[in-house]
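# Observations on the model geometry
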Amino acid sequence: MNTAIRNNWTKEEIQEIYDQPLLELVYRAATVHREWHRASEVQVCTLLSVKTGGCPEDCSYCGQAARYHTDIKVQALLPTETVIAHAQKAKDSGSTRFCMAAAWREVRDNRDFDRVIDMVKGVNDLGLEVCCTLGMLTEEQAVRLRDAGLHAYNHNLDTSEQYYEEIISTRKFDNRINTINHVRKAGITVCSGGIIGLGETHKDRISMLLTLATMPKHPESVPVNALARVKGTPLEHNPKVDIWDMVRMIATARIVMPASVVRLSAGRIEMTETEQAWCFMAGANSIFTGERETLLVTPNPGVSEDMQMFRNLGLKPMENKKSESSCQVH
Ligand code: SF4
């Protein structure tokens, strides 16, 4: 019998899971994973930055914030045809999900949003699951995206409510929750997780998981990102995230949100194949891949490298199933 889905987790319970000896934790997570998912299948998503850089926000991990001096080239909103061509290529390479990211603080009701609506329709017509990450959204904007065929919306918590102000000052943790609620209300699936390696404590990580795992409905997709240390951002000199911290975080997410897709997201480029295998063992069952070998604006392994890893580990890409999850980013 499957482990039950619970939305009434306490901090102490999650802490107890998180603090287990690592091999016990991985064993338990792998067991839960097999109850709820086919452990040999990994969802392959492609992420395309449709508008890059120049963002007014001050997320201290992000190379796209206009205020930091990074090597990222600012790129205005891509033409719709270019985006559709990328989506077709992603589909041909085996992706079932296509996520479009725009470095905006929030969606505005202007011509750029009309163009994103056209992109969503076009990618949906290709039979791909469409995901967007565009910043804050109103309820009406979420409804427009849904009507255009949007399957999932990514809006990460980033970190704990308590640590949030240390990382971002231009918006509040509650703004994140409001957007997630608007997405949920519109009937779009939710993709929401966070980043480790920002300087947060273990308690912050547990607190973030608590927020996700006590939502009335768990996010269908939970990205777990390791900080990609972008030169020119305030966090560029943070220490590299320890692989066992990633494994511990993924395993705990897997146990407390058993039905969700847990995505091994940013930071994968710095992991060996063996380290990634540990993450899959701990319950990760989704990755981003990309023809340009970038995850938004930070490096990411390429498609052929990933497919070779799948062969080595006996994994295969998950079929498209529009009823389930989604993506990383904002
Ligand atoms: S994470 Fe998103 S909102 Fe924050 S600075 Fe980067 S693009 Fe802007």
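The residue numbering used here restarts from 1 in each chain and proceeds along that chain's sequence as written. Residues qualify for local features only when their pLDDT is at least 70, as the model is predicted, and side-chain atom pairs are given and counted only at 80 or more; totals for whole chains, interfaces and linings, by contrast, use all residues.

- Per an unreviewed UniProt entry, the protein goes by the name Biotin synthase and belongs to Sphingobacterium spiritivorum ATCC 33861.
- UniProt positions are given in the numbering used here, feature names are shortened, and annotations may be inferred rather than shown by experiment. Here the protein is described in UniProt, under the heading Subunit (unreviewed entry), as follows: "Homodimer."
- Its UniProt record gives the protein the following Pathway (unreviewed entry) comment, quoted word for word: "Cofactor biosynthesis; biotin biosynthesis; biotin from 7,8-diaminononanoate: step 2/2."

## Focus: the environment of Ile180
- Each helix is a run of DSSP H or I of at least 4 residues and each strand a run of E of at least 2, with the numbering of both proceeding from the N terminus. With respect to the helices and strands, Ile180 occurs in helix 7 (residues 173-185).
- You can call Ile180 buried: it has 22 C-beta atoms within 10 Å.
- Spatially, the C-alpha atoms of Ile180 and Tyr153 are 8.3 Å apart, while their sequence positions differ by 27 residues.
- With residues near it in sequence (within four places) discarded, Ile180 still touches His155, Val190 and Ser192. Counting other C-beta atoms within 10 Å of a residue's C-beta gives its exposure: the residue is buried at 20 or more, exposed at 12 or fewer, and partly exposed in between, where C-beta atoms are placed from the backbone. Here, residue contact means that the backbone-derived C-beta atoms of the two residues sit within 7 Å.

## Topic: helix 8 (residues 202-213)
- Here a helix's expected span is defined as the number of its residues, less one, multiplied by 1.5 Å. In this model, helix 8 (twelve residues) spans 16 Å end to end at C-alpha, consistent with the 16 Å of a helix rising 1.5 Å per residue.
- Listed as buried for helix 8 are Asp204, Arg205, Ile206, Ser207, Met208, Leu209, Leu212 and Ala213.
- Of the surrounding secondary structure, the elements contacted by the buried residues of helix 8 are helix 1 (11-18), strand 6 (194-196), strand 7 (221-226) and helix 9 (243-256).

## A closer look at the pairing of strand 3 (residues 129-133)
- Among the five residues of strand 3, five are classified as buried, and the element is accordingly described as predominantly covered.
- By the alternation rule, side chains of strand 3 split into Glu129, Cys131 and Thr133 and Val130 and Cys132, which are all buried.
- Pairing of strand 2 (residues 97-102) with strand 3, which is carried by five bridges, proceeds in the parallel orientation. Counterpart to Cys99 in the pairing with strand 3 is Cys131.
- Crossovers are described as right-handed under a simple rule: with the strands pointing away from the observer, the path leading from the first strand over the helix to the second runs clockwise. In terms of handedness, the path from strand 2 via helix 4 (residues 111-125) over to strand 3 forms a crossover that is right-handed.
- Taken together, the two bridges between strand 3 and strand 4 (residues 152-154) define a ladder with parallel strand orientation. Counterpart to Cys132 in the pairing with strand 4 is Tyr153. DSSP-based pairing: two strands are paired if at least 2 bridges between them are found.

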